[in-house]
Amino acid sequence: MNEKAEKFWQEFLRETGRDPKLRYSECFHFELTEYWANELLRLVLEGRKKATSSSLWGYELEGDKVPEKGELSIVTDWNGEPECVIETTAVTMIPFKDITFDICSREGEDDDLKSWQEGHRAFFTEEGKELGYEFSEDMPVIFQEFCVVYRKDGNK
């Protein structure tokens, strides 16, 4: 268990008056590179990034469960420093090819659908090489919407 994350979680529970037995579903950073992990975290903290997308196949191959509405997660920077707690507000499974700009714009990363598709095609292709799946336009994508419920700096 990440000692920093556990300390951060306990501070979150105490400062928000939540049940001390409550557990977080995961502690993670976004993306596969330091630059993007930290950049996407910045967008979350600014309030621009309110969603993320993941490959269903990635969850299955890693033996992880798909996020569920109401779950709480700790988001860290690339180095594992906890920065905020997010609450999942909605989860939708949709084929990659059916994602519209209205949907993907909630991720706060791209100015148009083409840019989102190019970036996520590259991400899913790279992740697929690491995990053992091959990207496909029909690939089921887990689209997870969230809101920040606690920040390291005490702001929401």
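See the structure shown above.
Let me sum up the structure you'll find in this document. (Residues numbered from 1 in each chain as written. Predicted model: local features only at pLDDT ≥ 70, side-chain atom pairs only at ≥ 80, totals over all residues. Heavy atoms only, no water.)

**Considering the overall build of the protein chain**
Quick reminder of the rule: In this text, helices come from DSSP runs of H or I with a minimum length of four residues, and strands from runs of E with a minimum of two, each type numbered from the N-terminal end. Each residue is placed in one exposure class: buried if its accessible area under a 1.4 Å probe, protein chains only, is under 20% of its type's maximum, exposed if it is over 50%, and partly exposed if it falls in between. Should any heavy atoms of two residues lie within 4.5 Å, those residues are considered in contact. Every accessible area reported is derived by Shrake-Rupley at a probe size of 1.4 Å, with residue values counting cover from the shown protein chains alone. Two residue types count as positive, namely Lys and Arg, and two as negative, namely Asp and Glu; His and chain ends fall outside the count. Taken as the charge location is NZ of Lys, CZ of Arg, CG of Asp or CD of Glu.
Helices and strands together make up the secondary structure of the protein chain, namely five helices and five strands. Listed N to C, the secondary structure of the protein chain is α-β-α-β-α-β-β-α-α-β in terms of helices and strands. The principal-axis extents of the C-alpha atoms in the protein chain amount to approximately 45 × 30 × 25 Å. In the protein chain, buried positions account for 43% of the 156 residues. Relative to all contacts within the protein chain whose residues are 6 or more apart in sequence, the contacts with residues 24 or more apart total 70%. For the protein chain, the computed accessible surface area is about 8,600 Å², with 48% contributed by carbon and sulfur atoms. A distance of 6 Å separates the average location of the 20 positive side-chain charges in the protein chain from that of its 35 negative side-chain charges.

**Here's the deal with the layout of surface pockets**
Filter applied, for reference: Definitions used for this entry: grid spacing 1 Å over protein atoms alone; cavity, a set of points where a 1.4 Å probe fits but cannot get out; pocket, an open set with protein on both sides within 12 Å along at least 5 of 7 lines; lining residue, one with an atom within 4 Å of a point. Grid points are joined across faces, edges and corners, and a volume is the space filled by probe spheres set on the points. Lys, Arg, Asp and Glu make up the charged group, whereas Ala, Val, Leu, Ile, Met, Phe, Trp, Tyr, Cys and Pro make up the nonpolar group; the residues left over, Gly among them, are polar.
Its boundaries defined by the atoms lining it, the largest pocket holds a volume of some 990 Å³. If you trace the largest pocket, you find 37 residues lining it, with His29, Glu31, Ser54, Phe123 and Glu127 closest to the centre. Within the residue set of the lining of the largest pocket, elements represented by two or more residues are strand S1 (26-28), helix H2 (34-46), strand S2 (51-55), helix H3 (56-62) and helix H5 (113-131). The element contributing the most residues to the lining of the largest pocket is H5, with nine residues. Looking at the lining of the largest pocket residue by residue, the classes come out as twelve nonpolar, twelve polar and 13 charged.

**Describing the pairing of S2**
What counts here: For two strands to pair, DSSP has to find at least two bridges joining them.
The element S2 is largely enclosed, with a buried count of five among its five residues. Alignment of S2 against strand S5 (residues 140-151), held across five bridges, turns out to be antiparallel. Across the sheet, the residue bridging to Ser54 is Ile142, located in S5.

**Regarding the packing of aromatic side chains**
Filter applied, for reference: Stacked, edge-to-face and tilted labels apply to pairs of Phe, Tyr and Trp rings (six-membered ring for Trp) whose centres lie within 6.5 Å, assigned for plane angles under 30 degrees, over 60, and everything in between, in that order.
This structure, assessed with the given rule, holds twelve aromatic pairs. Seen in terms of ring centroids, Trp9 and Phe12 are 4.9 Å apart; in terms of plane orientation they differ by 45°. Their pairing is tilted. With Trp9 and Phe12 both in helix H1 (residues 3-16) and three residues apart, this pair spans about one turn of that helix. Accessibility assignment for this pair places Trp9 and Phe12 in one class, buried. An angle of 70° between the planes, with centres 5.8 Å apart, marks the rings of Trp57 and Tyr133 as edge-to-face. Here Tyr133 lies in the loop between H5 and S5 and Trp57 lies in helix H3, a separation of 76 residues in the sequence.

**Focus: H2**
For clarity, the cut-off: Here a helix's expected span is defined as the number of its residues, less one, multiplied by 1.5 Å.
The end-to-end C-alpha distance of H2 is 18 Å, a good match for the 18 Å that 13 residues give at a rise of 1.5 Å each. Among all positions of H2, only Ala37, Glu39, Leu40, Leu41, Leu43 and Val44 are buried. Elements that come into contact with the buried residues of H2 comprise strand S3 (72-76), strand S4 (82-95) and S5. Just downstream of H2, Gly47 is the residue with a positive phi angle, here 90°.

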